[in-house]
Amino acid sequence: MIECKYSLSQLNDIALKIESSNFEYSSIERFIHGKKQVQTVGSFIKKIHITKNNIYLKSIIIDCEADIIKSMTFYGIIQINFNELLLAAIDYKEIYSVHDDLYFYNYFLPIKGFNRVYSFFEPSHKRIDSTQNITDVSNISIKWIQLS
């Protein structure tokens, strides 16, 4: 098996599969594989940690409430095309946290009835030039925000 870096299009495919399954946690077992550990917090909240046997993607953390997926975070080496994100986004926010000495990046993509938000931070404490076409990031989260 040839391993390659995860790309934005692969993350979009995963997000579409989750959205088409109405965010049901049970649906991810069909397309995300790996060693799974489930941590339950209270009676409704679960945090699922999936360890991947992949040199590029190390793990995935899935946050659920009442078995509904609220967000996913991918850790490893993810190839991001900033221009592709900027073209699809209705809003873009770059935030610098003095406390953490990190730059955080958020892209808001409109999807029927909600926004799909791609978020990541740059662990090197350096600002990323978002006009670059493609770069590698070490983490990226996808979360869904219901529009009112």
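Residues numbered from 1 in each chain as written. Predicted model: local features only at pLDDT ≥ 70, side-chain atom pairs only at ≥ 80, totals over all residues. Heavy atoms only, no water.

Trainee: What exactly am I supposed to notice about helix α1 (residues 8-20) here?
Mentor: Counting along an α-helix, one turn takes 3.6 residues, and residues three or four places apart therefore face a common direction. For α1, built from 13 residues, the straight-helix expectation of 18 Å at 1.5 Å per residue is met to within 8% by its first-to-last C-alpha distance of 18 Å. Every buried residue of α1 is accounted for by Leu8, Leu11, Asn12, Ile14, Ala15, Ile18 and Glu19. Across the axial projection of α1, the buried residues extend over an arc of 160°, all falling on one side. Elements that come into contact with the buried residues of α1 comprise β1 (6-7), β5 (68-81), α2 (82-88), β7 (102-111), β8 (114-122) and β9 (134-146). Once α1 ends, the next one or two residues include Asn22, with phi positive near 60°. (Helix = DSSP H or I, 4+ residues; strand = E, 2+ residues; numbered from the N terminus. Expected span 1.5 Å × (residues − 1). Buried < 20%, exposed > 50% of the residue type's maximum accessible area, 1.4 Å probe, protein only. Arc of directions from axis to C-beta. Contact = heavy atoms within 4.5 Å.)

Trainee: Honestly, unusual backbone geometry in this entry has me stumped. Any pointers?
Mentor: In terms of backbone geometry, most residues other than glycine have negative phi values and most peptide bonds are trans. Despite not being glycine, Asn22 shows a phi value in the positive range, around 60°. Turning to its location among the elements, Asn22 is positioned in the loop between α1 and β2 (35-41). You will see that Asp67, though not glycine, has its phi angle at about 60°, which is positive. Residue Asp67 is classed as partly exposed on the basis of its relative accessible area, which comes to 38%.

Trainee: Just checking my understanding: could you explain the packing of aromatic side chains for this structure?
Mentor: In this description, an aromatic ring pair is defined by two values, namely the gap between the centres and the angle between the planes. Under the criterion given, the structure shown has seven aromatic pairs. Taken together, a centroid distance of 5.2 Å and an interplanar angle of 25° make the contact between Tyr105 and Phe120 stacked. Taken together, the residues Tyr105 in strand β7 and Phe120 in strand β8 connect sequence positions 15 residues apart. Ring centres of Tyr107 and Phe120 lie 6.3 Å apart, and the angle between their planes is 15°; this geometry places the pair in the stacked category. Here Phe120 lies in strand β8 and Tyr107 lies in strand β7, a separation of 13 residues in the sequence. With a relative accessible area of 0%, Tyr107 lands in the buried category. Here the aromatic cluster, defined as three or more aromatic residues joined through ring pairs, consists of Tyr92, Tyr105, Tyr107 and Phe120. (Phe/Tyr/Trp six-rings, centres within 6.5 Å; stacked < 30°, edge-to-face > 60°.)

Trainee: Is there a simple way to think about the environment of Phe120 in this case?
Mentor: Overall, Phe120 belongs to the buried group, its relative accessible area being 3%. Counting along the chain gives 19 residues from Phe120 to Asp101, while the straight-line C-alpha distance between them is 14 Å. Setting aside residues up to four positions removed in sequence, Phe120 forms contacts with Phe82, Tyr103, Phe104, Tyr105, Tyr107, Ile128, Val137, Asn139 and Ile140.

Trainee: Any chance you could explain the nonpolar core here in plain terms?
Mentor: For soluble globular proteins, the rule of thumb is that nonpolar side chains tend to be buried together. The biggest cluster of nonpolar side chains holds 36 residues, and the ones touching the most others in it are Ile62, Ile69, Met72, Phe74, Tyr107, Tyr118 and Trp144. Excluding residues within four positions of it along the chain, Tyr118 makes contact with Leu8, Leu11, Asn12, Ala15, Leu85, Tyr105, Asn106, Tyr107, Leu109, Ile140, Ser141 and Ile142. (Core = buried A, V, L, I, M, F, W, Y, C linked by side-chain atoms within 4.5 Å.)

Trainee: Please clarify how the pairing of β9 should be interpreted in this entry.
Mentor: On a regular strand, one side chain projects to one face of the sheet and the next to the other, so that they alternate. Two elements, β5 and β9, share nine bridges in a ladder whose sense is antiparallel. Paired with Phe74 across the two strands is Ile140, which belongs to β9. As paired strands, β8 and β9 are joined by six bridges and run antiparallel to one another. Within the sheet, the bridge partner assigned to Tyr118 lies in β9 and is Ile142. (Pairing = 2+ DSSP bridges.)

All we've got here are geometric facts, nothing functional implied.
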